[in-house]
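# Fold and geometry: a report
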Amino acid sequence: MSKLSVNNLSCQRGYNLLFKNLSFELNSGEVLRITGQNGSGKTSLLKIIAGLNSPELGSILFDQSKSNSERYQLETLFLGHYAALSLELSCIENLEYLTNLSTENIAPNFHNALYKVGLKNYEHELARNLSAGQKRKIALSLLFITHSKVWLLDEPFTALDSNGIKIIESQIEKHCEKGGLCILTTHQDCNIKNLREISL
Amino acid sequence: MNIFLLTLIRDLKMAFRNPSSFLNPLMFFVISISLFPIAISPDAETLMNIAPGIIWVITMLSVLLSLNSLFHYDYDNGVLEQIVISHHSLPLVLLGKTTAHWILSGLPIILLSPLLGVALFLDSKSIYILMLTLCLATPCLSLVGSIGASLVVSIKNSGMLLSLLILPLYIPILIFATSAVSQSQFNLPVNGQLYFLGSILIFSLISAPFISAVALRISME
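Residues numbered from 1 in each chain as written. Chains lettered and ligands numbered in written order. Predicted model: local features only at pLDDT ≥ 70, side-chain atom pairs only at ≥ 80, totals over all residues.

### Notes on the overall build of chain B
The condition is simple: Only DSSP runs of H or I covering at least 4 residues are called helices, and only runs of E covering at least 2 are called strands; the numbering of each starts at the N terminus. Partly exposed residues are those whose C-beta has more than 12 but fewer than 20 other C-beta atoms within 10 Å; 20 or more makes a residue buried and 12 or fewer makes it exposed, with C-beta atoms placed from the backbone. Contact criterion: two residues are in contact if their C-beta atoms, reconstructed from the backbone, are within 7 Å.
Across its full length, chain B carries 9 helices and 0 strands. Helices and strands appear in chain B in the N-to-C order α-α-α-α-α-α-α-α-α. Viewed in the frame of its principal axes, chain B has a C-alpha envelope of about 55 × 35 × 35 Å. Sorting the 221 residues of chain B into buried and exposed places 44% on the buried side. Considering only contacts in chain B between residues 6 or more positions apart, those separated by 24 or more positions represent 81%.

Structure (structure tokens):
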């Protein structure tokens, strides 16, 4: 049973205090959706939880490991606004590098992951020749490879077609059934079991 | 495979698929050096005297030209975020990127330098010393440059700022390298300068990846 706890987090950007004394706990199997207007600090919160930014105050623990420890970084997967793709590399080369950065998976099945998100036969296509939605799908195919327990997804459904959204939603549900946990932000409706919401 | 090698291979692969990114600074290097004999004088003695300075200053400028793109591209597409939050050692990944930068900017300059040395009437011994100083010092240019590049990565059009930050750090390298080549023209010993360049190389190899990792974390905030 894993637990992510966020304690008394405060975040300031420029002169704006985005949120203060934010605390919540998330257990295995739960999905948390962060809602809020544009500029309310959803992405900042995800970046802080991912360990990319440091909060003004407060701390984050995952099973007693702090957010700057190697174990924490292995257990979290952050997919940000950008698709994290290099346009000069093919789908499979991009995916290989991202996998190597984020997990310690010994023998990942890249072809299967790309097949699952609907990019079959695009393995060796350069990322520059793909549409925005397809680029997004390459990054999202990491969800079919990673062993990380905590998924931090920033607007994962942007540019995806309705079928793509369903695939990702069902993968998030599967992940939670296996004991993982997920935090996501989205402005779209999503149909995921065990969904909790907090508003910023 | 090791993350250092993976990063190195990835960056080289990307560069070779978009060759203008690393060919432009090299073209600048060759063209600007070959303009000097036309502009100043084709006289062998004049050119011989100014050759070490010309080659070294242009080397420095062409490395500076290519430094700007060291991290910018990965910053814009979000790969740098993934690198920073990765469980791998950040200095090691950055060392991989810096090595790729040296292979694409420093190594071709070392290989082209004998040709341009001959064009500027350097004798064979001076060309040998010139190549030696380039071998020792171009990795320093990439390593020290990576610190500046990671500091300004979040600033758009930061070329000028980067030059202002980095050029003062390049000056010692420039002084030792050019004095080694010009002393060798008069058959004077150059060991001292080479030792200094070697120690600068070792020092920057040990410290630069760590400093640029810290700088990168600060600029990603």
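### Details of unusual backbone geometry
All names here are of chain A. Phi angles above zero are rare outside glycine, and Asn-8 is one such case at about 50 degrees. Here Asn-8 shows up in strand S1 (residues 3-13). Under the C-beta neighbour-count criterion, Asn-8 is labelled exposed, with 12 such atoms within 10 Å. If you check the backbone angles, Glu-155 has positive phi at about 50 degrees while not being a glycine. Within the element layout of this structure, Glu-155 appears in the loop between strand S7 (150-154) and helix H6 (162-177).

### Considering the sheet that holds strand S5 (residues 65-66) of chain A
Residues and elements named next belong to chain A. The following threshold applies: Pairing between strands is defined by DSSP: at least two bridges between them are needed. An axis is simply a line fitted to the C-alpha atoms; with a helix, the fit covers only the stretch in contact. Between two such axes, the angle follows the N-to-C directions and lies from 0 to 180 degrees.
Strand order across the open sheet formed by 4 strands is S2-S1-S4-S5, with antiparallel pairing between neighbours. Two strands in the sheet have a free side with no partner beyond their single neighbour: strand S2 (16-27) and S5. Pairing geometry for S1 and strand S4 (residues 57-62), over 5 bridges, is antiparallel. Looking at the pairing, Leu-4 lines up with Phe-62 of S4. Strands in contact with helix H1 (residues 42-50) are S1, S2 and S4; relative to S1, the strand with the most contacts, it is inclined by about 125 degrees.

### Side note on the interface of chain B and chain A
The figure often quoted for interface size is the accessible area lost as the parts come together. Test applied: As a working rule, the residues Ala, Val, Leu, Ile, Met, Phe, Trp, Tyr, Cys and Pro are called nonpolar, Asp, Glu, Lys and Arg charged, and the rest polar, with Gly in that last group.
On the side of chain A, 21 residues touch chain B, which itself brings 20 residues to the contact. Among the elements of the structure, helix H1 (3-17) and helix H5 (79-84) of chain B are those that each provide at least two residues to the side of chain B that touches chain A. By residue number, the principal contributor to the side of chain B that touches chain A is H1 of chain B, which donates 6 residues. Classifying every residue of the side of chain B that touches chain A gives 8 nonpolar, 7 polar and 5 charged.

### Some words on the confidence of the model for chain B
Basically, it comes down to this: Per-residue confidence from the predictor is reported as pLDDT, which spans 0 to 100.
Predicted confidence across chain B gives a mean pLDDT of 92, with 100% of residues reaching 70 or more. Both scores are given for the predicted complex: the pTM is 0.92, the ipTM 0.89.

### Observations concerning the packing of helix H7 (residues 124-151) of chain B against helix H8 (residues 159-185) of chain B
Residues and elements named next belong to chain B. Selection criterion: In these notes the angle categories are as follows: under 35 degrees is roughly parallel, over 145 is roughly antiparallel, 65 to 115 is roughly perpendicular, and the rest is oblique.
Taken N-terminus to C-terminus, the directions of H7 and H8 make an angle of 170 degrees; their axes are 10 Å apart at the nearest point. The pairing of H7 with H8 is recorded here as roughly antiparallel in orientation. Looking at the contact of H7 with H8, its residues break down into 17 nonpolar, 6 polar and 1 charged.

### So, the sheet that holds S7 of chain A
Residue and element names in this part refer to chain A. Across the sheet, which stays open at both edges, the 5 strands sit in the order S6-S7-S8-S3-S9 with parallel pairing between neighbours. Two strands close off the open sheet at either side, each with one partner strand: strand S6 (76-79) and strand S9 (195-199). With strand direction ignored, the average angle separating the axes of adjacent strands in the sheet is 15 degrees. Across 5 bridges, the pairing between S7 and strand S8 (residues 181-185) is parallel. By the bridge assignment for S8, Trp-151 is matched with Cys-182. Contacts from H1 reach strand S3 (31-35), S6, S7 and S8 within the one sheet, and its direction differs from that of S7 by about 150 degrees.

### Some words on the environment of Thr-178 of chain B
All names here are of chain B. Relative to the elements of secondary structure, Thr-178 occurs in helix H8. The sequence separation of Thr-178 and Gln-193 amounts to 15 residues, and the corresponding C-alpha distance is 9.2 Å. Once residues within four sequence positions are removed from consideration, Thr-178 is found in contact with Pro-52, Gly-53 and Trp-56.

### Some thoughts on helix H6 (residues 90-119) of chain B
Residues and elements named next belong to chain B. What counts is decided by this rule: Helix span is expected to be 1.5 Å times the residue number reduced by one. Given a residue, its bend is the angle between the two axes fitted to the seven residues that end at it and to the seven that start from it.
Between its terminal C-alpha atoms H6 stretches 43 Å, which fits the 44 Å expected from 30 residues at 1.5 Å a residue. Helix geometry: H6 is bent most strongly at Ser-113, by close to 40 degrees, with proline Pro-114 lying one to four residues after it. Where H6 ends, the next residue or the one after it, Phe-121, has phi of about 65 degrees, a positive value.

### A closer look at the pairing of S3 of chain A
Residue and element names in this part refer to chain A. As paired elements, S3 and S8 share 4 bridges and run parallel to each other. Paired with Arg-33 across the bridge in S8 is Leu-184. Two elements, S3 and S9, share 5 bridges in a ladder whose sense is parallel. Bridge pairing in S9 links Leu-32 to Arg-196.

### With respect to the pairing of S2 of chain A
All names here are of chain A. Taken together, the 8 bridges between S1 and S2 define a ladder with antiparallel strand orientation. Pairing of Gln-12 across the sheet is with Leu-17, part of S2. Hairpin geometry of S1 and S2 is characterised by an intervening segment of 2 residues between the two adjacent antiparallel strands and by a positive phi of about 65 degrees at Gly-14.

### Things to note about helix H5 (residues 132-140) of chain A
Residue and element names in this part refer to chain A. Within H5, 7 of the 9 residues are buried, which leaves it mostly tucked inside the rest of the structure. Listed in full, the buried residues belonging to H5 are Gln-134, Lys-135, Arg-136, Lys-137, Ile-138, Ala-139 and Leu-140. Those residues of H5 that are buried lie in contact with S6, helix H3 (91-102) and H6.

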